[in-house]
Amino acid sequence: MRLSSAHFIHLTHPHPVLWSTIFGAFCGLLAIPIVPYSVWLSRLEASGQATTTTSAKAPMDALQMNPALHLIEFFRRDVMGLASAGGIPPVSLDEAQKASETLRGDKLVQLGIGDVKRWVDYWRSTGFILQ
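On the surface, Trp19, Phe23 and Ile34 cluster together into a nonpolar patch covering about 320 Å² of accessible area. Assignment of secondary structure puts Ile34 in the loop between α1 (19-30) and α2 (37-52). Classification of Ile34 as partly exposed rests on a relative accessible area of 44%.

Structure follows, in structure tokens:
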């Protein structure tokens, strides 16, 4: 990709899979529920507000404990705007496929539950996930 002369390259998997397939597998392996976006956003906002009143250092502690708070404005504005507009528009993979033999090849298979299990197993082996 870095050798491409294109100004923009949309990087996505050329064989999309349903969001529910991937995140359903995550939730099953990690024993966590899927919640509606609005509930998740409310909980994220509350996690930042709960710590900001305790001390002057609290906002920095909150950001370190929950890095998603760095993107809170994006989640509030941009993602909700995309959701109300019917989702993220499709993007062209033409430039990415020109730059990457892997992306234009026919050996790249669709992601699935087995991939999610391997990711979770790896994250657990490194201590990134503690359960």
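Okay, back to it.
Right, let's get into the packing of aromatic side chains. One pass over the structure, following the stated rule, counts 8 aromatic pairs. An angle of 40° between the planes, with centres 5.7 Å apart, marks the rings of Tyr37 and Trp40 as tilted. In this pair, Tyr37 and Trp40 both sit in helix α2, 3 residues apart, roughly one turn of the helix. Looking at Trp40, the relative accessible area reads 33%, which means it is partly exposed.

What follows covers helix α7 (residues 113-126). Between the first and last C-alpha of α7 there are 20 Å, a value that for 14 residues agrees with the 20 Å anticipated at 1.5 Å per step. Every buried residue of α7 is listed here: Asp115, Val116 and Val120. Seen along its axis, α7 keeps its buried residues to an arc of 130°; they face one direction. Exposed positions of α7 whose direction lies more than 90 degrees from the buried face are Arg118, Tyr122 and Ser125. Taken together, the buried residues of α7 touch α1. Positive backbone phi, at 85°, marks Gly127, one or two positions downstream of α7.

Membership of the largest hydrophobic core is limited to 7 residues, which are Ile22, Ala25, Phe26, Leu30, Val116, Val120 and Ile129. Breaking this core down by element, the ones donating at least two residues are α1 and α7. Excluding its chain neighbours within four sequence positions, the residues that come into contact with Val116 are Ile22, Ala25, Phe26 and Leu29. Core analysis: the second largest hydrophobic core is formed by 5 residues, Leu41, Leu44, Ile72 and Phe75 among them.

The rules behind these values
- Residues numbered from 1 in each chain as written.
- Predicted model: local features only at pLDDT ≥ 70, side-chain atom pairs only at ≥ 80, totals over all residues.
- Heavy atoms only, no water.
- Patch = residues over 30% accessible without salt bridge, like charges linked within 9 Å, V, L, I, M, F, W, Y side chains within 5 Å.
- Areas by Shrake-Rupley, 256 points an atom, 1.4 Å probe, with all protein chains shown as cover.
- Salt bridge = Lys/Arg side-chain N within 4 Å of Asp/Glu carboxyl O.
- Helix = DSSP H or I, 4+ residues; strand = E, 2+ residues; numbered from the N terminus.
- Buried < 20%, exposed > 50% of the residue type's maximum accessible area, 1.4 Å probe, protein only.
- Phe/Tyr/Trp six-rings, centres within 6.5 Å; stacked < 30°, edge-to-face > 60°.
- Expected span 1.5 Å × (residues − 1).
- Arc of directions from axis to C-beta.
- Contact = heavy atoms within 4.5 Å.
- Core = buried A, V, L, I, M, F, W, Y, C linked by side-chain atoms within 4.5 Å.

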